[in-house]
Amino acid sequence: MTAQLTYEELAALMKSGAGVSVDPQLMEGSPGAAFGDYGLDSLGLLGIVAALENRYGHPLPVDADRCKTPREFLDLVNNTLVTGA
């Protein structure tokens, strides 16, 4: 897999999966801000993980739903998509 998840796609997943509206540029400008700062809880993040696993047909690492920040999550997801591991 060579796809890369972007802040824009993550923001869209947050909106569709958890009903949380976030400006992707704001999130990209503050990648260390916690998901909780945007109103996304662990259940919402779990839903995003499931949606990505369905989209790519590949499981994400078991700790994907424990990421605390958008940057941490994107790094983990994108590394997984690149390596296929």
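Here's what I pulled together on the structure shown here. The shown structure was predicted, so the numbers you read here are calculated from the model rather than taken from an experiment.

**Looking at the overall build of the protein**
Item 1. For the protein, the helix and strand inventory stands at four helices and zero strands.
Item 2. The secondary structure elements of the protein, listed N-terminal to C-terminal, are α-α-α-α.
Item 3. For 85 residues, the compact-globule estimate of 2.2 N^0.38 gives 12 Å, and the C-alpha radius of gyration of the protein, at 12 Å, lies within 12% of that figure.
Item 4. By principal-axis analysis of the C-alpha atoms, the protein measures approximately 30 × 25 × 20 Å.
Item 5. Each of the 85 residues in the protein was classed as buried or not, and the buried ones make up 36%.
Item 6. For the protein, contacts bridging at least 24 residues in sequence account for 56% of all contacts bridging at least 6.
Item 7. Summing over all exposed atoms, the protein offers an accessible surface of approximately 4700 Å²; the carbon and sulfur share of this is 53%.
Item 8. Between the mean site of the 5 positive side-chain charges and the mean site of the 11 negative ones, the protein shows a separation of 3 Å.

The rules behind each value
- Residues numbered from 1 in each chain as written.
- Predicted model: local features only at pLDDT ≥ 70, side-chain atom pairs only at ≥ 80, totals over all residues.
- Heavy atoms only, no water.
- Helix = DSSP H or I, 4+ residues; strand = E, 2+ residues; numbered from the N terminus.
- Rg over C-alpha atoms; globule rule 2.2 N^0.38 Å.
- Buried < 20%, exposed > 50% of the residue type's maximum accessible area, 1.4 Å probe, protein only.
- Contact = heavy atoms within 4.5 Å.
- Areas by Shrake-Rupley, 256 points an atom, 1.4 Å probe, with all protein chains shown as cover.
- Lys, Arg positive; Asp, Glu negative; His and termini not counted.
- Charge placed at Lys NZ, Arg CZ, Asp CG, Glu CD.

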